[in-house]
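The primary structure of each chain is shown beneath.
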Amino acid sequence: MIIGSHVNFGSEQLLGSAKQAVSFGANTFMFYTGAPQNTIRKDIKDDLTDEAIKYMKENNIDINNVICHAPYIINLANKEKEDSWNFSISFLKNEINRITKMGINYIVVHPGNALKIDRMEALNNIAEAINNIITTETMPMILLETMAGKGTECGINIYEINEILNKVNLKEKVGVCLDTCHLNDSGIDISKFDEYLNEFDEKIGIEKIKCVHVNDSKNEIGTHKDRHANLGYGTIGFENLINVIYNARLKNVPKILETPWIGEYPPYKIEIDMIKSKKFNPNLEEEVNKLYE
Ligand code: FE
Ligand code: FE
Ligand code: ZN
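The following paragraphs examine the structure supplied in this document. For clarity, every value in this text was computed on a predicted model and none was experimentally measured.

Here's the deal with the environment of Asn60
Along the chain, the position of Asn60 falls in the loop between helix H2 (46–58) and strand E3 (67–69). Each C-alpha atom, one on Asn60 and one on Ile40, is 31 Å from the other, the two residues being 20 residues apart in sequence.

Here it is as structure tokens:
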């Protein structure tokens with residue numbers, strides 16, 4: 001099983017992220033190269049990357065399973081303001097260069113928000129942006145994340161993801177990241193996850209799935225909300241999430257937790273324990289507090 005969580009990318013950069021992942025009992029992780037909600041980025045320090053690579057080898061983390069997430073504020077779907085669309089494209093290009101330097105293979109991107117334009121046009125814009133970003137030289141893969149359908153989000157069902165993928169030129173460089181909370185909120189019943197995978201396989205191909213965000217949801221199926229809950233503390237439920245994590249067809253796909261913190265503390269060590277033992281822990285809050293106090 002390849003399991004990890006969202007981790008910080010602080011002053012120690014990739015080394016700090018890897019150390020945090022190990023402290024959670026994880027064998028992979030996902031990071032933003034700066035704050036998720038802005039595009040201020042510091043230079044990547046090669047000495048820290050070298051140390052991180054050594055540390056990961058010693059601690060059973062395969063860098064091939066490590067994921068970067070692009071900030072949410074970039075929007076590839078709408079080019080009414082040409083400047084901001086171009087900024088999103090150049091930012092993503094830079095981000096891809098930064099992670100290439102670190103040897104990271106995947107960057108998860110939210111497809112974008114249509115805002116006031118037609119959804120089909122928005123899907124075209126996303127593909128066009130990707131075609132501007134990726135060249136035959138590009139090493140990392142862009143992973144389009146399946147979205148909940150909050151506001152005018154794009155990529156909210158298999159059809160829309162497929163529309164984007166079909167319009168991308170270098171298809172081998174674009175994949176998909178499933179998010180269980182987003183799927184639930186977009187209208188997919190996670191208790192019938194295998195049916196979803198069948199449809200995904202038929203229309204897109206299951207090999208395109210390169211990452212799964214494992215989150216419970218605070219809202220009912222189809223509410224288009226996108227509010228994550230801790231494993232077993234939401235409407236999807238622990239058993240259904242365990243079945244996604246242990247699904248044989250996604251065995252080699254990294255699973256990443258993006259569940260909410262308990263106050264100031266990350267819940268991931270306790271949640272990863274739950275996953276490894278396949279046993280729900282009804283005292284998550286207490287145990288997280290005990291661990292960090
Ligand atoms: Fe995301
Ligand atoms: Fe996600
Ligand atoms: Zn989300």
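What about the packing of helix H3 (residues 82–102) against helix H4 (residues 119–133)?
One can describe the packing of H3 onto H4 by two numbers: an axis separation of 10 Å at closest approach and a directional angle of 45°. Between H3 and H4, the crossing angle belongs to the class labelled oblique. Helix-helix and strand crossings are classified by hand; for H3 and H4 the assignment is right-handed. Where H3 approaches H4, its residues Trp85, Ile89, Leu92, Lys93 and Ile96 are matched on the opposing element by Asn125, Glu128, Ala129, Asn132 and Ile133. In terms of residue class, the contact of H3 with H4 is built from 6 nonpolar, 2 polar and 2 charged.

Remarks on the pairing of strand E2 (residues 28–31)
With burial as the criterion, each face of E2 is covered, one bearing Thr28 and Met30 and the other bearing Phe29 and Phe31. Bridge analysis of strand E1 (residues 3–7) against E2 gives 4 bridges, and the strand direction is parallel. The residue bridging His6 from the neighbouring strand is Met30, located in E2. A crossover connection joins E1 to the parallel E2 through helix H1 (residues 13–23); in handedness this β-α-β unit is right-handed. Taken together, E2, H2 and E3 form a β-α-β motif whose crossover is right-handed.

Some points on H4
Taking 1.5 Å as the rise per residue, H4 with 15 residues should run 21 Å; its terminal C-alpha atoms sit 21 Å apart, in good agreement. Taken as a whole, H4 has its buried residues at Ala122, Leu123, Asn125, Ile126, Ala127, Ala129, Ile130 and Ile133. In this structure, the buried residues of H4 make contact with H3, strand E5 (141–145), helix H5 (158–167) and strand E6 (174–179). N-capping of H4 is provided by Asp118, with a side-chain oxygen placed 3.1 Å from the backbone N of Met120.

Some words on the packing of aromatic side chains
In total, this model carries 10 aromatic pairs according to the counting rule given. With 5.6 Å between their ring centres and 65° between their planes, Phe24 and Tyr268 make a pair best called edge-to-face. Note that Phe24 is positioned in the loop between H1 and E2 and Tyr268 in helix H9 (residues 268–277), a separation of 244 residues in sequence. Across the pair, exposure class does not vary: Phe24 and Tyr268 are buried alike. Above the ring of Tyr246, the side-chain terminus of Lys278 is found at 4.2 Å from the ring centroid.

Rules used throughout
Residues numbered from 1 in each chain as written. Chains lettered and ligands numbered in written order. Predicted model: local features only at pLDDT ≥ 70, side-chain atom pairs only at ≥ 80, totals over all residues. Heavy atoms only, no water. Helix = DSSP H or I, 4+ residues; strand = E, 2+ residues; numbered from the N terminus. Axes fitted to C-alpha atoms, helices over the stretch in contact; angles between N-to-C directions. Parallel < 35°, antiparallel > 145°, perpendicular 65-115°, else oblique. Left-handed = near helix turned anticlockwise from the far one by under 90°. Contact = heavy atoms within 4.5 Å. Nonpolar A, V, L, I, M, F, W, Y, C, P; charged D, E, K, R; others polar. Buried < 20%, exposed > 50% of the residue type's maximum accessible area, 1.4 Å probe, protein only. Pairing = 2+ DSSP bridges. Right-handed = clockwise from strand over helix to strand, strands pointing away. Expected span 1.5 Å × (residues − 1). Polar contact = N/O pair within 3.5 Å; in protein donor to acceptor, adjacent residues only side chain to side chain. Phe/Tyr/Trp six-rings, centres within 6.5 Å; stacked < 30°, edge-to-face > 60°. Lys NZ or Arg CZ within 6 Å of the ring centre and 35° of its normal.

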